[in-house]
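Spelled out, the chains give:
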Amino acid sequence: RRTIASHLRDSMNVPRDLILELVRDDAEVSVPLLRYSSVLTEDDLIAVVRATRDVLKLVAVASRESISEPLSDALLDTGIREVMKTLFSNRGAVV
């Protein structure tokens, strides 16, 4: 699953349902998708952030190239220092 997720992270031609299933997996599988997949919508990402306390997953989302204000707010609401530090150092984040 980890190898599949790594190969799918940059693909636009992947069923969204498959990506959503993989992001619910362990961090070693989900992190590349949470950080890079453009198949995931803002709503998908916000839902993941609200559903997990897994720091690796949250940092992956906070490391995305572009982060909207609503997604930033969800990340900040976690109150996790490492997530906030990553978000504040991300030039593509609207905070």
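What comes next concerns the included structure. (Residues numbered from 1 in each chain as written. Predicted model: local features only at pLDDT ≥ 70, side-chain atom pairs only at ≥ 80, totals over all residues. Heavy atoms only, no water.)

Here we take up helix α2 (residues 16–23). Along α2, the positions that sit buried rather than exposed are Ile19, Leu20, Leu22 and Val23. The arc enclosing the buried residues of α2, seen along the axis, measures out at 165°, which places them on a common side. Those residues of α2 that are buried lie in contact with α1 (2–8), α3 (27–36), α4 (42–51) and α5 (55–62). (Buried < 20%, exposed > 50% of the residue type's maximum accessible area, 1.4 Å probe, protein only. Helix = DSSP H or I, 4+ residues; strand = E, 2+ residues; numbered from the N terminus. Arc of directions from axis to C-beta. Contact = heavy atoms within 4.5 Å.)

Turning next to α5. Along α5, 6 of the 8 residues are buried, which leaves the element largely enclosed by surrounding structure. Listed in full, the buried residues belonging to α5 are Lys57, Leu58, Val59, Ala60, Val61 and Ala62. Looking at the buried positions of α5, the neighbouring elements they touch are α2, α3, α4, α6 (69–77) and α7 (81–88).

Core analysis: the largest hydrophobic core is formed by 29 residues, its most contacted members being Ile19, Leu34, Leu71 and Leu75. Those elements that provide at least two residues to this core are α1, α2, α3, α4, α5, α6 and α7. Element by element, the count of residues in this core is highest for α5, at 5 residues. Sequence-distant contacts of isoleucine 19, defined by excluding residues within four places in its chain, comprise Leu8, Val14, Leu33, Ser37, Val39 and Leu40. (Core = buried A, V, L, I, M, F, W, Y, C linked by side-chain atoms within 4.5 Å.)

Right, let's talk about the environment of serine 72 for a bit. Along the chain, serine 72 turns up in helix α6. Considering only alpha carbons, one finds serine 72 and phenylalanine 88, 16 residues apart in sequence, at a separation of 9.3 Å. Looking at serine 72, its side chain comes within polar contact range of the main-chain oxygen of valine 94, at 2.7 Å. (Polar contact = N/O pair within 3.5 Å; in protein donor to acceptor, adjacent residues only side chain to side chain.)

Our focus in this paragraph is the packing of α5 against α7. Packed helices, taken two at a time, are described by the angle between their axes plus the distance between the axes. Packing of α5 against α7 brings their axes to within 9 Å, and their N-to-C directions diverge by 15°. Regarding the angle of α5 to α7, the classification is roughly parallel. Crossing angle aside, the handedness with which α5 passes α7 is right-handed. Residue-level contacts link Val55, Leu58, Val59 and Ala62 of α5 to Glu82, Val83, Thr86 and Leu87 of α7. (Axes fitted to C-alpha atoms, helices over the stretch in contact; angles between N-to-C directions. Parallel < 35°, antiparallel > 145°, perpendicular 65-115°, else oblique. Left-handed = near helix turned anticlockwise from the far one by under 90°.)

A separate point is the packing of α6 against α7. The geometry of α6 relative to α7 is characterised by a closest axis approach of 8 Å and an angle of 150° between their N-to-C directions. Comparing their axes, α7 and α6 come out roughly antiparallel. Residues Ser72, Leu75 and Leu76 of α6 lie in contact with α7, whose contacting residues are Val83, Met84, Leu87 and Phe88. Here the contact of α6 with α7 is built from residues that sort into 6 nonpolar, 1 polar and no charged. (Nonpolar A, V, L, I, M, F, W, Y, C, P; charged D, E, K, R; others polar.)

Counted under the stated rule, the structure contains 5 salt bridges. Arginine 9 is paired through a salt bridge with aspartate 10; the nearest N and O atoms lie 3.4 Å apart. Between arginine 24 and glutamate 21 there is a salt bridge whose closest N-O contact spans 3.4 Å. (Salt bridge = Lys/Arg side-chain N within 4 Å of Asp/Glu carboxyl O.)

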